[in-house]
Amino acid sequence: MKFHKMHGISNDYIYFNCLENDIEDKAILTKYVSERHKGIGSDGAIFICKSDKADAEMVMYNWDGSYSEMCGNGIRCVAKYLFDFGIVEKTSMVIESGGALKYINIHAVKEVPNKITGKTYSKRADGMVAVLISVDMGKPMLKPDQVPINIPGFTGDSVVEYPLLVDTDIYNVTCVSVGNPHAITFVKDVKNFPVEEVGRKIESHEWFPKKTNVEFVRVINRNEVEMRVCERGAGETFACGTGATATAVACALNGLTDNTVKVHLLGGDLSIKWDRESDHVYMTGPAEFVCEGDI
């Protein structure tokens, strides 16, 4: 069984091409390949499947075998895979994920061999490869039943800077869904914050019926923020594209930044723009191949 390992700013997944032959037991396979000491090692696995609605469908599982509706870094890698291998020739494509359609634009260059391995991945006649990928992440969903979040007695239209009790500490959370749930909280020192410990507790808090991704954010200025993330079913990861998208929305909602912001994550940077006129959020960032092999 052929696989490729790819990453988007260090958010790494194992990718399987299921366009011709589907794979059963995706969750079991994901747990096997994701184990970093006994397997290949990754944040999870992504399966590139046929779609009746789009150029392809992305099906994603976290390293623990749990299903996830959407992954911003993962979908950029899927787009690169489809483009570099010539499966989709055009620089614009549509990818289905979690039942939603994501519209993508490719920024490509002529590939040069890897400095260490001498390897190239492009299978296109023009030798082009995708280097930056822009994804229309759609409209952010803010209503509690869309996130989803169930706060006893809450009647508001959105959850913005709402106090959530964790043990004896209170964290004000802003909740956004961009295809999967996110709870964003602002902290003074994100570098030294106990992200894994607190994030796991918020992730599984009773208010979140489907659990939630948790972002811890420090605002640098009107156009830059620093973010760390505890992903639902994965723990802390180096990056989260949907988390960066939700964070940019949360920052703007709270009046802390402008509508375009650079999000600094442990694995690299993403550029996020919330077009308030269309109410769509656009994410731009890189995607890279790591290796390929057979299992």
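Residues numbered from 1 in each chain as written. Predicted model: local features only at pLDDT ≥ 70, side-chain atom pairs only at ≥ 80, totals over all residues. Heavy atoms only, no water.

Novice: Even after reading the chapter, I still don't get a nonpolar patch on the surface, so can you show me in this structure?
Specialist: Together, Met1, Tyr32 and Ile295 give the surface a local cluster of nonpolar side chains, amounting to about 330 Å² of exposed area. As for its placement among the helices and strands, Met1 is situated in the segment before β1 (2-8). On the basis of relative accessible area, Met1 is assigned to the partly exposed category, the value being 46%. (Patch = residues over 30% accessible without salt bridge, like charges linked within 9 Å, V, L, I, M, F, W, Y side chains within 5 Å. Areas by Shrake-Rupley, 256 points an atom, 1.4 Å probe, with all protein chains shown as cover. Salt bridge = Lys/Arg side-chain N within 4 Å of Asp/Glu carboxyl O. Helix = DSSP H or I, 4+ residues; strand = E, 2+ residues; numbered from the N terminus. Buried < 20%, exposed > 50% of the residue type's maximum accessible area, 1.4 Å probe, protein only.)

Novice: Just checking my understanding: could you explain the nonpolar core for this structure?
Specialist: Note on soluble globular proteins: their nonpolar side chains tend to be buried together. Counting residues in hydrophobic clusters, the biggest one holds 57 residues, and the most contacted among them are Leu82, Met93, Ile95, Ile104 and Ile272. Ignoring anything within four residues of it in the chain, the contact list for Met93 reads Asp55, Ala79, Leu82, Phe83, Val88, Lys102, Tyr103, Ile104 and Ile106. Among the nonpolar cores identified, the runner-up in size contains 21 residues, and Tyr171, Ala183, Val190 and Trp207 belong to it. (Core = buried A, V, L, I, M, F, W, Y, C linked by side-chain atoms within 4.5 Å. Contact = heavy atoms within 4.5 Å.)

Novice: In this structure, what is going on with the packing of aromatic side chains? I would like to understand it.
Specialist: The description of two aromatic rings rests on the distance between their centres and on the angle between their planes. Taken as a whole and judged by the stated rule, the model has 11 aromatic pairs. Judged by centre distance (5.4 Å) and plane angle (15°), the ring pair of Phe16 and Phe47 falls under stacked. Of this pair, Phe16 sits in strand β2 (residues 11-18) while Phe47 is found in strand β3 (residues 44-49), placing the two residues 31 residues apart along the sequence. Classification of Phe16 by relative accessible area gives buried; the value is 0%. Residues Phe85 and Phe289 carry aromatic rings whose centres are separated by 5.5 Å and whose planes lie at 20° to one another, so their mutual orientation is stacked. Here Phe85 is found in the loop between α2 (72-84) and β6 (92-97), whereas its partner Phe289 is found in strand β18 (residues 288-294), with 204 residues between them in sequence. As far as burial versus exposure is concerned, Phe85 and Phe289 are alike and both buried. A connected cluster of aromatic rings, assembled from ring pairs, spans Phe16, Phe47, Tyr61 and Tyr67. Above the face of the Phe83 ring, Arg124 is positioned so that its terminal group lies 3.8 Å from the ring centre. The ring of Trp274 has Arg276 lying over it, and the distance from NZ or CZ to the ring centre is 3.8 Å. (Phe/Tyr/Trp six-rings, centres within 6.5 Å; stacked < 30°, edge-to-face > 60°. Lys NZ or Arg CZ within 6 Å of the ring centre and 35° of its normal.)

Novice: Help me understand the side chain of His264, please; the structure alone is not making it clear to me.
Specialist: Looking at where His264 falls in the secondary structure, it is placed in strand β15 (residues 260-265). Polar side-chain contacts of His264 include one of 2.8 Å to the side chain of Asp269. If near-sequence neighbours (up to four positions away) are discounted, His264 is found in contact with Ile220, Glu224, Val225, Glu226, Met227 and Asp269. (Polar contact = N/O pair within 3.5 Å; in protein donor to acceptor, adjacent residues only side chain to side chain.)

Novice: Looking at this model, I keep getting lost on the pattern of salt bridges. Mind explaining?
Specialist: When their charged atoms lie close together, side chains carrying opposite charge are able to pair. Taken as a whole and judged by the stated rule, the model has 20 salt bridges. A salt bridge links Arg222 to Asp258; its shortest N-O distance comes to 3.1 Å. Placement of the pair is Arg222 in the loop between β12 (213-221) and β13 (224-231) and Asp258 in the loop between α4 (241-253) and β15, with a sequence separation of 36 residues.

Novice: It is not clear to me how the pairing of β13 should be interpreted in this structure. Could you clarify?
Specialist: Every regular strand shows the same layout, with side chains that alternate between the two sheet faces. Of all 8 residues in β13, 7 are buried, a share of seventy percent or more. Strand direction decides the pairing type here: β12 and β13, joined by 7 bridges, are antiparallel. Bridging across to β13, Val214 finds its partner in Cys230. The hairpin formed by β12 and β13 contains 2 residues between the paired strands. The pairing of β13 with strand β14 (residues 235-237) spans 3 bridges and is classified as antiparallel. Residue pairing in the sheet places Cys230 in a bridge with Glu236 of β14. (Pairing = 2+ DSSP bridges.)

Novice: Is there a simple way to think about α2 in this case?
Specialist: One turn of an α-helix holds 3.6 residues; hence residues three or four places apart share an orientation. Over its 13 residues, α2 extends 18 Å from the first C-alpha to the last, a length consistent with the 18 Å expected when each residue adds 1.5 Å. Of all 13 residues making up α2, 13 are buried, and the element is well covered by its neighbours. Just downstream of α2 lies Gly86, where phi reads positive at about 70°. (Expected span 1.5 Å × (residues − 1).)

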